[in-house]
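# Observations on chain architecture
Residues per chain are reported as follows:
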Amino acid sequence: MSDVLPSISPEIDLIAPGFRALSISVEAAPVADERVGEIALRDACEAVLAGQPAWAEAHLNAWSDVFRSFGAKPKRTPCSAEALRKRVIKDGSMVPLDPVVDLYNAVSIRYAVPVGGENFAAYAGMPRLVVADGTEIFDTMKDGQPGSESPDEGEVVWRDDIGVTCRRWNWRQGIRTRLSVADNRMWFILESLPQMPLGELNAAGKMLTDGLEKMMPGVRYQTVLISTESHSA
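Residues numbered from 1 in each chain as written. Predicted model: local features only at pLDDT ≥ 70, side-chain atom pairs only at ≥ 80, totals over all residues. Heavy atoms only, no water.

As annotated in an unreviewed UniProt entry, the protein chain is B3/4 domain-containing protein from Enterobacter agglomerans.

## Quick notes on the pattern of salt bridges
In the structure shown here, the tally under the stated rule is 11 salt bridges. Among the ionic pairs, Arg68 bridges to Asp65, the shortest N-O distance being 2.9 Å. With Arg68 and Asp65 both in helix 3 (residues 56-69) and three residues apart, this pair spans about one turn of that helix. Given the relative accessible area of 47%, Arg68 is considered partly exposed. Judged by relative accessible area, which is 47%, Asp65 ranks as partly exposed. (Salt bridge = Lys/Arg side-chain N within 4 Å of Asp/Glu carboxyl O. Helix = DSSP H or I, 4+ residues; strand = E, 2+ residues; numbered from the N terminus. Buried < 20%, exposed > 50% of the residue type's maximum accessible area, 1.4 Å probe, protein only.)

## Notes on helix 3
With 14 residues, helix 3 ought to run about 20 Å at 1.5 Å a step, and its terminal C-alpha atoms sit 20 Å apart, in line with that. Listing the buried residues of helix 3 in full gives Ala56, His59, Leu60, Ala62, Trp63, Ser64, Val66 and Phe67. Buried residues along helix 3 sit in contact with helix 1 (12-15), helix 4 (80-91) and strand 10 (185-192). Remark: Gly71 follows helix 3 within two positions and exhibits a positive phi of approximately 95 degrees. (Expected span 1.5 Å × (residues − 1). Contact = heavy atoms within 4.5 Å.)

## A look at the pairing of strand 3 (residues 115-119)
When you tally the buried positions in strand 3, you get four out of five residues, the bulk of the element. Here strand 3 runs beside strand 10; their pairing, made up of five bridges, is antiparallel. Within strand 10, the residue paired with Gly117 across the bridge is Phe188. (Pairing = 2+ DSSP bridges.)

## Details of the nonpolar core
Counting 66 residues, the largest nonpolar core has Phe19, Trp169, Phe188, Leu190 and Leu208 as its most contacted members. At eight residues, the largest contribution of residues to this core is made by helix 5 (residues 99-111). Once you skip the residues sitting within four places of it in the chain, Leu190 turns out to touch Arg20, Ala21, Leu22, Ile24, Val107, Val113, Pro114, Val115, Leu201, Ala204, Gly205 and Leu208. (Core = buried A, V, L, I, M, F, W, Y, C linked by side-chain atoms within 4.5 Å.)

Dropping the structure here:
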């Protein structure tokens, strides 16, 4: 299998010192158990309602600080993990969407860590985490119709050779690279700040890969730790 090789702009180290992430490249296999994601999602919601993990608030507060540092307003556009956990605390559960999406959302909820899941077959070139200049294109939906917009200048985004794949670091994913269980080449990125213990980041990655192996026996994957110090996988 060919690995995804994401890169991190050196500017990110000034915005989020100590940022690190797990990059997981996946070659999918036939699905044997579609309920794995749904069960993981239910269990993760129960963990959140029980107040786990203990360091969640510190980690999410750190993400809010990072968002403010590049001009985002975390109360309006929070990091993806905080948005999911707020929904769980409000509603007590989450409605299943897709086996793979449910699984990576479960990891995000359980470990208070932003998790992106991407259809890598839709990428042009490799993903890279950069500071936007404001001219990039982000595909989205407006009033139920396909549309596009541009990020703010100075905004942290994930992008490829075509355009932005996720705005405001991990707030909103684009339409073009959206992932489903039907996709064969998958890429996951689990993003953490120093307030999340490194061992917990590794445990979150293992929850994801263990779930994929149970869901689709025969799946192949490669996990790599990336950081602002290494700048690339």
